[in-house]
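# An overview of the molecular structure
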Amino acid sequence: MTAETAARTVPGSGSGFDVIVVGAGPAGSAAALVAARAGLSVCLVERGEYAGAKNMFGGVFYGSVLTRLIPDWWQRAPLERVVTRRVTGVMSETAMLTVDLRTTSFAAPPYNGVTLYRPRFDRWFAAEAEAAGAVLLAGTVVDGLLRGAKNEVVGVATRRDEGELRAPIVIAADGVNSLLAKEAGLARPVDEHHLAVAVKDTIRLPEAEIESRFGVDNVEGVDYELIGACTKDVAGGAFLYTYRDALAVGIVAQVASLAARGERPQDLLDHFLAHPGIAPLVRGGERIEYSAHMIPEAGLEMMPELAAPGMLVAGDAAALCLAAGLYLEGMNYAMASGMAAAETAVAAHRAGRFGLGTLAGYEDRLRKSFVLADFSSYKDAPRYIMGDRLQNVYPDVLCRIAEEVFRVDNTGPKRRLLRIATRELRRAGVPRRRAVRDLLAGGRIFGW
Ligand code: FAD
């Protein structure tokens, strides 16, 4: 059923489904697909005029979760490039120091990561849910929850005429700052240290030019992720991804830090674009789109309760976006949580019980999977990465050390690495013991 026909045929007050999913991003469409395949009647409600119309990300999609749902997705979904080069590093104002992984092992289907445009991908993914039997109600804003006699959630109110939709389970997949999680009393109070704002330019360049600038072959692509002077002294990071004939270049900045430093995200992006490590990569390109979005960055620290009677929360609405320095992944966690929410809804329908006792199965599913395992093992990563020394001191120190190591002046014997490092740390005002402790803390979070 198309969005248009669904919009005409969904009856008004009292219309009943087995499950209502709010939000047709990756979490919502995955939930709708799984629930529909299991034979439940599903309504997928999306405020955009089509699924994905309002959605953006960096970004690289890591598709192994989707392979479980649609094994040949990589042949059917609208994709841009396959990421075969991953460049991760730090920036000072004048230098960029990176680890540049280039591997053919990422080049084989179903691929480690691919770049894509969210409006195209989300629309395709929601259509897969429709093909499985879900009713997509696009162009429909959900305004709030409907409650039953015991205050359990029994549906949603929409802005349509006679717009109440009823179901014994609502899956809130309405993204960061979820209206529904707040209304259900599940969300924690918003702290501006928990949220980042991301702004992104899409810059058009000819395909062949991208391939020669980035040293990749046909359909292969690159992912740059950086911290340090790319965001001046604001806590955050920057990215650059290659689409087929465009670049996605953006910065992510913690809201609290932006406010404290009095910076504007657009100015940080311009600053990043002008950096000597980035300017040659974007030179001559035409800006074709500017977009902005929030990211829930704090992981477990900001995670809401995941269930209430009659309701489950998935994806960014549940803060399931892993923004942990080495990783910026949200779509895969969104899909996995949407799938787990739908499996829980199916189990609840089989049992005929929709209270917390049954819906707690959702959190159990997430705990047994990689989802909550990752969020608990990286629970300290967001604070660590956003810390002042990681953001504003060490990137500069590392760049200076590298410059010193590779500078050949032949005015005396070459200096040993430890001496160079000690001198640069002293110059930055960081005692060596402090740096070792930070290194060990990083090791505990990421390494062992
Ligand atoms: P969303 O994708 O936000 O979807 C929510 C949906 O709900 C939207 O379609 C919205 O229109 C709809 N909606 C909201 N409110 C209502 C309402 N009241 N009524 C009806 N519909 C509603 N992740 C990665 O995996 N890789 C990356 O490289 C990456 N880079 C990123 C870069 C940026 C700049 C940003 C902002 C995010 C990035 N992410 C990345 C994170 C990723 O985009 C999110 O984690 C992911 O989109 C979450 O999916 P979701 O379905 O939970 O929410």
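Residues numbered from 1 in each chain as written. Predicted model: local features only at pLDDT ≥ 70, side-chain atom pairs only at ≥ 80, totals over all residues. Heavy atoms only, no water.

### Details of the overall build of the chain
Across its full length, the chain holds 18 helices and 21 strands. Put simply, the chain has 448 residues, and 54% of those count as buried. Put simply, 72% of the contacts in the chain that link residues at least 6 apart link residues at least 24 apart. Working note: accessible area of the chain is about 19600 Å², and carbon and sulfur atoms make up 52% of it. A distance of 7 Å separates the average location of the 51 positive side-chain charges in the chain from that of its 52 negative side-chain charges. (Helix = DSSP H or I, 4+ residues; strand = E, 2+ residues; numbered from the N terminus. Buried < 20%, exposed > 50% of the residue type's maximum accessible area, 1.4 Å probe, protein only. Contact = heavy atoms within 4.5 Å. Areas by Shrake-Rupley, 256 points an atom, 1.4 Å probe, with all protein chains shown as cover. Lys, Arg positive; Asp, Glu negative; His and termini not counted. Charge placed at Lys NZ, Arg CZ, Asp CG, Glu CD.)

### Thoughts on unusual backbone geometry
What is expected of a backbone is that most residues other than glycine have negative phi and most peptide bonds are trans. In this structure, Gly-59 follows Gly-58 across a cis peptide bond, with omega equal to -15°. Along the polypeptide, Gly-59 turns up in the loop between strand S3 (42-45) and strand S4 (60-61). Cis peptide bonds are those with omega within 30 degrees of zero, and the linkage from Pro-109 to Pro-110 qualifies with 5°. For Pro-110, the location among the structural elements is in the loop between strand S6 (96-102) and strand S7 (114-115).

### Here we look at the state of the cysteines
Evaluated as defined, the whole model comprises 0 disulfides. The thiol sulfur of Cys-399 is not disulfide-bonded, and the nearest other cysteine sulfur, from Cys-230, lies at 10 Å. (Disulfide = S-S within 2.5 Å.)

### As for the sheet that holds S3
Pairing in this open sheet of 6 strands is mixed, and the strands run S8-S3-S2-S12-S19-S18 from one edge to the other. Edge positions in the open sheet fall to strand S8 (135-137) and strand S18 (307-308), since each of these has one partner strand only. Two strands pair when backbone bridges link them, and S18 and strand S19 (residues 311-313) are joined in this way by 2 bridges, in the antiparallel orientation. When the sheet's bridge partners are listed, Ala-308 is paired in S19 with Met-311. Docked against the sheet, helix H2 (residues 26-37) engages strand S2 (19-22), S3 and strand S12 (169-172), running at close to 170° with respect to S3. (Pairing = 2+ DSSP bridges. Axes fitted to C-alpha atoms, helices over the stretch in contact; angles between N-to-C directions.)

### Section: the site of the ligand
The ligand sits among 35 residues. The nearest are Glu-46, Gly-58, Val-60, Arg-118 and Asp-316. Within the contact set of the ligand, a nitrogen atom lies 3.1 Å away from a backbone nitrogen or oxygen of Gly-58. With respect to the ligand, the backbone of Leu-328 contributes an N or O atom lying 3.3 Å from a nitrogen atom. Alone, the ligand offers 1000 Å² of accessible surface; in the complex the protein occludes 97% of this. Mapped by element, the contributors of at least two residues to the shell around the ligand are H2, strand S15 (236-242), strand S17 (286-296), strand S21 (328-329) and helix H11 (331-351). Along the lines of polarity and charge, the residues of the shell around the ligand split into 19 nonpolar, 10 polar and 6 charged. Mapped onto the domain boundaries, the shell around the ligand takes at least three residues apiece from domain 1 (3-78 + 118-190 + 301-368) and domain 2 (195-296). (Near = heavy atom within 4 Å. Polar contact = N/O pair within 3.5 Å; in protein donor to acceptor, adjacent residues only side chain to side chain. Nonpolar A, V, L, I, M, F, W, Y, C, P; charged D, E, K, R; others polar. Domains from an automatic or database assignment.)

### Regarding the confidence of the model for the chain
For any part of a model where pLDDT is low, the fine detail of the predicted coordinates should not be relied upon. Confidence along the chain averages 94 in pLDDT terms, with 97% of residues attaining 70 or more. Counting interchain partners and residues more than four positions distant, the pLDDT-below-50 stretch residues 1-14 has 25 contacts. (pLDDT = per-residue confidence, 0-100.)

### Considering the packing of aromatic side chains
Under the definition given, this model contains 14 aromatic pairs. Between Phe-61 and Trp-73, the ring centres sit 5.3 Å apart and the planes meet at 75°, which makes this aromatic pair edge-to-face. Placement of the pair is Phe-61 in strand S4 and Trp-73 in helix H4 (residues 73-76), with a sequence separation of 12 residues. Trp-73 matches Phe-61 in its accessibility class, with the two residues each being buried. Ring centres 5.2 Å apart and planes at 25° place the aromatic pair Phe-239 and Tyr-241 in the stacked group. The exposure class assigned to Phe-239 is buried, which follows from its relative accessible area of 5%. (Phe/Tyr/Trp six-rings, centres within 6.5 Å; stacked < 30°, edge-to-face > 60°.)

### Things to note about the packing of H11 against helix H14 (residues 370-377)
Contact geometry of H11 with H14 gives a least axis separation of 9 Å together with a crossing angle of 135°. Classed by the angle they form, the pair H11 and H14 counts as oblique. Where H11 abuts H14, its residues Asn-332, Tyr-333 and Ala-336 lie against Phe-370, Val-371, Asp-374 and Phe-375. Residues that form the contact of H11 with H14 fall into these classes: 5 nonpolar, 1 polar and 1 charged. (Parallel < 35°, antiparallel > 145°, perpendicular 65-115°, else oblique.)

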